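A structural walkthrough
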Amino acid sequence: MKNPVPRAAAIHDLSGFGRTSLSVVIPILSSMGVQPCSLPTAVLSTHTGGFQNYHFVDLTDHMQAIVDHWKAIGVHFDAIYSGFLGSPRQIDIVEKFIHDFANDDQLILIDPVLGDNGQPYSTMGEEMISKMRGLIRHADVITPNFTEAAFLLDEPYDPSISLGELKTWTKRLAAQGPAKVIITSIPVPEGKNVSSVLAYNRPDNRMWKVDCSYIPAHYPGTGDIFASVVVGSLLQGDSLPIALDRAVQFVSIAIRSTFGYDFPAREGVLLERVLPSLNAPVMASSYQILE
Ligand code: PXL
């Protein structure tokens, strides 16, 4: 039986304070008319970016039991969406999840969270990077940032990379399995305060780029927000360049709505202020066609 609204398995941690992971994934998917089903990887008092002494409960040992129950009651997913994973064993569980719940006409988006600004996150060693290379083979869509794309391809992190070289990166990543590759946070050396996002669709060999004006503030969770909007948009039937546009515009408006306030960036963007804009029709589009 077809689900009355699209249903997505959301495999992320739950950080209670600070707007990252399930705390942003659930409201965004719900706002976009997608039912989120959480498979939590861990529960934390706060996310790890900018907070000390957070309490962390690893749920790795409980994940398979949750999955087994879902299997027993015959849950059908229209999408499988994973983000921050805490250990190589969790990557194995996600891989098995995809194998067990795969069906035709399903969206599998893997956000290969590994690092940023040329550096791996503290929990991401060589083994995590190598296991993530295996996991993305099972995805339809991946959303690495520029740093993660370099790690996945075993390329040096070079912010002065040319657009031509980046285009080959998207194709090399797509050759590993995913039909759609979106690389975010690409530095634009000649443009001050801009970064860009590149998307490639392997089946028809087309590529798009969106430039974003950069605000000098870093808010944790914007990668999770970006990927969640892409999931919602694709499940609504949008094309890849429109999904890209909607995700870039939503992250930009969320950051701009937040920047004027004087409060700690570690608390994340003021998602509650901008969430209703996800229900607005697509009014403006800024993607450029590259190929
Ligand atoms: O993707 C952001 C994120 C997710 N989960 C945890 C984090 C962060 C960012 O800091 O710490 C636990």
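Higher on the page you've got the structure.
Residues numbered from 1 in each chain as written. Predicted model: local features only at pLDDT ≥ 70, side-chain atom pairs only at ≥ 80, totals over all residues. Heavy atoms only, no water.

**Considerations on a nonpolar patch on the surface**
We apply this condition: The patch calculation keeps residues exceeding 30% relative accessible area without a salt bridge and links them within 9 Å when they carry like charges or within 5 Å when they are nonpolar (Val, Leu, Ile, Met, Phe, Trp, Tyr). Note on areas: these come from Shrake-Rupley sampling with a 1.4 Å probe, and a residue is covered only by the protein chains present in the view. Note on definitions: salt bridges are taken to be side-chain nitrogens of Lys or Arg within 4 Å of carboxyl oxygens of Asp or Glu. For helices the rule is a DSSP run of H or I covering at least 4 residues; for strands it is a run of E covering at least 2, with both sets numbered from the N terminus onward.
On the surface, a nonpolar cluster with roughly 180 Å² of combined accessible area is contributed by Leu14, Val43 and Val57. Mapping Val57 onto the fold places it in strand β3 (residues 56-58).

**Looking at unusual backbone geometry**
Where we set the bar: The buried label applies to any residue whose accessible area, calculated with a 1.4 Å probe on protein chains only, is under 20% of its type's maximum; exposed applies above 50%, and partly exposed to all values in between.
The phi dihedral of Ser185 is positive, around 55 degrees, even though this residue is not glycine. Residue classification places Ser185 among the partly exposed residues on the basis of a relative accessible area of 40%.

**Thoughts on the environment of Ser31**
To keep it simple, the criterion reads: Any two residues whose heavy atoms approach within 4.5 Å at even a single point are treated as in contact.
By the secondary structure assignment, Ser31 is in helix α1 (residues 22-31). Leaving out residues up to four positions away in the same chain, Ser31 has contacts with Leu275, Leu278 and Asn279.

**A closer look at the side chain of Gln90**
Among the structural elements, Gln90 can be located in helix α3 (residues 88-101). Residue class for Gln90 comes out buried when judged on its relative accessible area of 2%.

**Topic: the side chain of Ser233**
Stated formally: Polar contacts, as used here, are pairs of N or O atoms within 3.5 Å; protein pairs need one atom able to donate a hydrogen and one able to accept it. Residues neighboring in sequence count only if both atoms are side-chain atoms.
Take Ser233: it is sitting in helix α7 (residues 222-235). Side-chain polar atoms of Ser233 contact the side chain of Asp238, separated by 2.6 Å. Those residues within four positions of Ser233 in sequence are excluded, and the remaining contacts are Met32, Asp238, Ile242, Ala243 and Arg246.

**Regarding the site of the ligand**
Cut-off, in case you're wondering: Throughout, near means a residue has at least one heavy atom within 4 Å of the molecule or strand. Just so you know the grouping, Ala, Val, Leu, Ile, Met, Phe, Trp, Tyr, Cys and Pro go in nonpolar, Asp, Glu, Lys and Arg go in charged, and all remaining residues, Gly too, go in polar.
The environment of the ligand is formed by Asp13, Ser15, Thr20, Ser21, Leu44, His47, Thr48, Gly49, Phe84 and Asp224. Contact distances for the ligand include 2.6 Å between an oxygen atom and a side-chain N or O atom of Thr48. In isolation the ligand offers 310 Å² of accessible surface; the protein chains occlude 87% of this area. A per-class count over the shell around the ligand returns two nonpolar, six polar and two charged.

**Here's the deal with the pattern of salt bridges**
If you walk through the whole model with that rule in mind, you get twelve salt bridges. With a closest N to O distance of 3.8 Å, Asp204 and Arg206 form a salt bridge. Judged by its relative accessible area of 38%, Asp204 is partly exposed. Notably, a salt bridge pairs Arg246 with Asp238, separated by 2.6 Å at the nearest N-O pair. One connected set of salt bridges, linked through shared partners, spans Asp68, Lys71, Lys96 and Asp100.

**Considerations on the nonpolar core**
One recurring pattern in soluble globular proteins: nonpolar side chains tend to sit buried together. Note the threshold: For our purposes a nonpolar core is just a set of buried Ala, Val, Leu, Ile, Met, Phe, Trp, Tyr and Cys residues, chained together by side-chain atoms within 4.5 Å.
If you look at the biggest cluster of nonpolar residues, it comprises 45 residues, and the most contacted ones within it are Trp70, Phe97, Ile110, Trp169 and Leu173. Among residues more than four places away in sequence, those in contact with Phe97 are Ala9, Ile11, Leu39, Val67, Trp70, Phe77 and Ile80. If you look at the next biggest cluster of nonpolar residues, it comprises 43 residues, including Val34, Leu109, Val274 and Leu278.

**Structural notes on the packing of aromatic side chains**
Put simply, the rule is: Pairing of aromatic side chains here covers Phe, Tyr and the six-membered ring of Trp, requires ring centres within 6.5 Å, and sorts the geometry by plane angle: under 30 degrees stacked, over 60 edge-to-face, intermediate tilted.
Following the criterion strictly, the structure yields eight aromatic pairs and no others. With centroids separated by 5.4 Å and ring planes inclined at 55 degrees, the aromatic side chains of Trp70 and Phe77 adopt a geometry described as tilted. Residue Trp70 is classed as buried on the basis of its relative accessible area, which comes to 13%. Among the aromatic residues, those joined into a ring-pair cluster are Trp70, Phe77, Phe97 and Phe101.

Function cannot be read off these values alone, since they describe shape.
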